[in-house]
Each structure stands twice: as structure tokens, then as C-alpha cells.
Amino acid sequence: MTLLIVILVAAVVLTIAPLAYTRARRRRGPELEPPARPVGPTKAGTRPPSTRPPGTRPPGTRPPTGRPPGSSPSTSRPPAGPAGARPTGASPAGPGRGPVPPAEPPAGRGPGSPSGGTASPVDDREATGAPVEFPADLQAEIEAVLDEVEGEALAEEEAPGLAPPVKPRFRDRIGRARAVFSGFLSCTAIDQDTWDDLEEALVRADVGVTFTMTLLDELRGRVKAEGIRTSQELVEALKADLKKALASADRGLRLDPGETNVWLFVGVNGVGKTTTIGKLGYREAAAGRRVVMAAGDTFRAAAAEQLELWSQRVGADLVRGAEGSDPGAVIFDAVQRGASRGADVVLGDTAGRLHTKVNLMEELKKVRRVAERPPGHLTEVLLVIDATTGQNGLTQAKLFAEAVGVTGVVLTKLDGTAKGGIALAIQTELGIPIKLVGLGETVDDLTEFDPDEFVDALLDE
């Protein structure tokens, strides 16, 4: 806005200054004209030729009196007459001269101007109070500058343009987890060593002992029933069983139109909740939705500042409280702001807490109750789990699900661990779907969990 005002003032000054200078020149005549410089060199001791028009005198000199040299002023003075009268035919210069014709006004002046000349169009507009009209080319240039400044100001007020995230490939990101199955995948025949290698790979991948034994029993039955003879057929049968175990789940994030949807993020310390909120907020904003972020982690140092950076990058509203304040109050204020501004979703951060601390879990229950109050519409409670924790993540999921009713899991850091099998354990043992996975550090690396692509990337050579 300040830039717009400065450009407007500069445009008006640059436009009016030449008009004012032209007006002054018309009023004062040749006094403002710069003196003409002599053309060519002059001799030493000589005066350059005069540049004054013929019949004019230098300023400050008196006109000739017309009396003879050596005579006194009284001898050449005309006879006295009535006061203010002038002899007929006499001129101000002296007797014996003919009548002086009236002087013509300078070009461009007339009786209507303040100095006796013709009034210019600018003078007429100033006298009548009418708006000053600029030349067409100057007016078009001014309007073009104003349109450009106005466009820049509107662009600054609008949310920054966000490119939609590019989905990464599972095969390119879970190389460590695939390496666990390298021994099994290198088998050429189906024998006891093959079953031992498969069992070891499943346990090392943190699929879980219970699910591993169940999966092996079912797979042995299929080998006998279907007459599977080659290792490649065994791998395809294993893929089909794993995809079937992961298939029965709703992995979409619930977003009810016309409601102030609230997505609450919970989990222990250091799993990546705040970063997940920033990446998910980016994705929702790129899809054209209005996002409000709630810095409900009021205990971790710089947690609110971290979320503030994400909100600025995304173009989302941020609601934060003082350090150590009630997180429930922050969530409440964020829901109110989201409802008043027509936001599509409120992303609520919470402080990391150990699932074994009863008092902290009770506080988390209170935060959930606050998020459910109208106009809030709680549609997702997402548990963020670090994939590198393995089976400990399964224990976390159990206790958080009992406390706040987890609707889905975000599995972060899956690209940096060989324990990707925890996704299978959480869904098969708890029935909680894996909705999002983190496959890297960039904003594009938070993506939906595709079980078919995950299994194919895990067991392809």
C-alpha cells in the first residue's frame, strides 16, 4: 500500500511540474528564457555582439530624454497643464514625437490572463475548479503504471502459489527394508532354507511374531493346495497374501464439506508431528483448501516458531499461545478462527508425551474434547509413529488408541529403516489403517500409503 501511494505522488509531481513551469514562463515572458550564448570566438578587448532585439534597452537603464546635451531639465520640459493631462500628440519620451501606437500583447497572452494575456487552458481549469486533463499518451502511461502497482499489491495480499506435491516412488525410498528380504528373494528352489530365510526376514522387518507365524502357515497351505514349485511363484503368492492383509482399510482423510474439520496429531516426542502438519498443510493448500494451524505444543522449545515458519510457507493462518499455556485453549481459539474465516480444516499440533504417563494422556483426552466442541468437527485423530522404533510403535498405537480414539497412523522416516514391517503389524493386530507415510525430508515426501505399491517395492528384486 505504501508503494502504491509513493508512485501516485511521484506521477502527479512529474506531471504538474512541467505545467507549472510553462505557466510561469507565460506570465513572466522572456525573463525566464536563458540568455543566448555568443556563437564563435570573440577578440580580446571587444564586447560580444548583443543578443537583445533592436529597439530594446538593458534592464535598469533610463530611456533617453530627448533634450540637447548640456541643457537643463527645465528647458525641455513641456508647458504645465491640468493635473494628469498630457499634451496632444506628445509621447512620454518628449515633445516632437508622434503618438505611440498601443503595444501588442506578447504572443499567447490576452485580456483574460492575470498578466493581461489570453488565459491558457490550464488557467481556465484552475479558475473553474475543473479536473486537469492530461494528454492522451501521458494519461495512458499513468494508467499503465497504476494498473501494474495495483496488480503487485493484490499479488502480495493473495496466498502464495503452491505447486502440487510430486508423489515419490516407494521402490526408490525403501531400499533398506527391501535389503532384509534379499536372502529369501535369491532362493532358486522351495526348501527348508527358503522358509527359514522368509521367517527371518519377516521378523527382522518387525512384522511381528504373531503375524509372521500366521502368514507362514497360510503360505505353506497354498503351496500344497496350488502345487507351487518355483521360488518366483512363492514370491507372487506372498505378495498376494500381504496385499490382502493390508487391503481392508479406509485410507482417505475424512474432510466433510461445509464443516470446520479438525485433524488432531498425537504421538510421543520426536516422531515428526510438527513437520507432518507442515507438509500436510502444504498439500491441502495446494489443493485449494483454506488451512488453519494450531500450535498446541506449548511445552517444547521453539515448537510454535517451527509451525509459524510452515504457516508462512503454506500461506495458512496460525494460532499460538504463550509458552507453557493450556494447549486446549490454543485448539479452541484455532477452531473459532477457522469457523469465522471459513477454513476447510484446522490442523492441531499437540505436545509429545510418553504413552506410559497417565496424567499426560488425561490431558490429551481433554484436548480432544475441546476439539469436538461446536463449531469444531473432529474428523481425524492421527497418530504419528517413527518407523525406526519398530515394535515399540505397536505399543504406542495401542495406548493412544485407547485414550483418544486414533483413526489413522502416519508412519514417518520409512525411508531410513529396515523395520517397515511395522505397518503390517499395526493394521493386522489393531485394525488401524496406515494413511500417510514419510519417505524423505522434502514437502513432496509425505504421501498416501499405497499397500500394493509398498508390497511390490518390498519384494521386487
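These remarks concern the structure in this document. Fair warning: this is a prediction, and the values are worked out from it, not measured in the lab. (Residues numbered from 1 in each chain as written. Predicted model: local features only at pLDDT ≥ 70, side-chain atom pairs only at ≥ 80, totals over all residues. Heavy atoms only, no water.)

Along the backbone of the chain there are 16 helices and eight strands. Counting the 461 residues in the chain, one finds 37% classified as buried. A fraction of 72% describes how many contacts in the chain between residues 6 or more apart in sequence connect residues 24 or more apart. Summing over all exposed atoms, the chain offers an accessible surface of approximately 26100 Å²; the carbon and sulfur share of this is 55%. (Helix = DSSP H or I, 4+ residues; strand = E, 2+ residues; numbered from the N terminus. Buried < 20%, exposed > 50% of the residue type's maximum accessible area, 1.4 Å probe, protein only. Contact = heavy atoms within 4.5 Å. Areas by Shrake-Rupley, 256 points an atom, 1.4 Å probe, with all protein chains shown as cover.)

Moving on to the packing of aromatic side chains. Tallying each qualifying case throughout the model produces three aromatic pairs. Measuring from ring centre to ring centre gives 6.3 Å for Phe 170 and Phe 454, while their planes differ by 75°; the resulting arrangement is edge-to-face. Remark: Phe 454 occurs in helix α16 (residues 451-459) and Phe 170 occurs in helix α4 (residues 170-173); sequence separation between them is 284 residues. Neither Phe 170 nor Phe 454 differs from the other in exposure class; each is buried. An aromatic cluster is present here, built from Phe 170, Phe 449 and Phe 454 joined pairwise through their rings. Stacked on the ring of Trp 195, the Lys or Arg Arg 220 has its end atom at 4.8 Å from the ring centre. (Phe/Tyr/Trp six-rings, centres within 6.5 Å; stacked < 30°, edge-to-face > 60°. Lys NZ or Arg CZ within 6 Å of the ring centre and 35° of its normal.)

Core analysis: the largest hydrophobic core is formed by 96 residues, its most contacted members being Phe 181, Leu 198, Leu 411 and Phe 454. Setting aside chain neighbours within four positions, we find Phe 454 in contact with Phe 170, Ile 174, Leu 246, Leu 414, Gly 420 and Phe 449. (Core = buried A, V, L, I, M, F, W, Y, C linked by side-chain atoms within 4.5 Å.)

Read across the sheet, eight strands follow the order β3-β2-β4-β1-β5-β6-β7-β8 without closing on themselves; strand pairing throughout is mixed. Two strands close off the open sheet at either side, each with one partner strand: β3 (317-319) and β8 (446-448). Averaged over neighbouring strand pairs, the angle between their axes works out to 25° when direction is ignored. Bridge analysis of strand β2 (residues 291-294) against β3 gives three bridges, and the strand direction is parallel. Note on β3: the bridge partner recorded for Val 292 is Asp 317. (Pairing = 2+ DSSP bridges. Axes fitted to C-alpha atoms, helices over the stretch in contact; angles between N-to-C directions.)

Within the structure shown, the criterion is met by 23 salt bridges. It is possible to trace a salt-bridge network through shared partners that takes in Glu 236, Lys 239, Lys 243, Asp 456 and Asp 460. (Salt bridge = Lys/Arg side-chain N within 4 Å of Asp/Glu carboxyl O.)

This part takes up the pairing of strand β7 (residues 434-438). Counting buried positions along β7 gives five out of five residues, so the element sits mostly inside the fold. Across three bridges, strand β6 (residues 408-412) lies against β7 in parallel orientation. Within β7, the position partnered with Val 409 by the bridge is Ile 434. Strand direction decides the pairing type here: β7 and β8, joined by three bridges, are antiparallel. Counterpart to Leu 436 in the pairing with β8 is Glu 448.

So, about the environment of Asn 392. With respect to the helices and strands, Asn 392 occurs in helix α14 (residues 391-404). On a C-alpha basis, the gap between Asn 392 and Asp 206 in space is 9.8 Å, while along the polypeptide they are 186 residues apart.

Where like charges cluster on the molecular surface, the negative patch consists of Asp 191, Asp 193, Asp 196 and Glu 200. Looking at the secondary structure, you find Asp 196 in helix α7 (residues 192-204). (Patch = residues over 30% accessible without salt bridge, like charges linked within 9 Å, V, L, I, M, F, W, Y side chains within 5 Å. Lys, Arg positive; Asp, Glu negative; His and termini not counted. Charge placed at Lys NZ, Arg CZ, Asp CG, Glu CD.)

With that settled, the discussion passes to the packing of helix α13 (residues 358-372) against α14. Interhelical geometry of α13 versus α14 gives an angle of 50° and a closest axis separation of 9 Å. What the angle tells us is that α13 and α14 run oblique. Handedness of the α13/α14 crossing: right-handed. Of α14, the residues touching α13 (which contributes Met 361, Leu 364, Lys 365 and Arg 368) are Leu 399, Phe 400, Ala 403 and Val 404. For the contact of α13 with α14, the per-class residue count stands at six nonpolar, no polar and two charged. (Parallel < 35°, antiparallel > 145°, perpendicular 65-115°, else oblique. Left-handed = near helix turned anticlockwise from the far one by under 90°. Nonpolar A, V, L, I, M, F, W, Y, C, P; charged D, E, K, R; others polar.)

Right, let's talk about the environment of Ser 325 for a bit. Turning to its location among the elements, Ser 325 is positioned in the loop between β3 and α12 (327-340). Taking C-alpha positions, Ser 325 is 8.1 Å from Phe 299, a pair spaced 26 residues apart along the chain. Beyond its immediate sequence surroundings of up to four residues, Ser 325 is in contact with Thr 298 and Val 330. Within the local environment of Ser 325, its side chain forms a polar contact with the backbone oxygen of Ala 322, the two atoms lying 2.6 Å apart. (Polar contact = N/O pair within 3.5 Å; in protein donor to acceptor, adjacent residues only side chain to side chain.)

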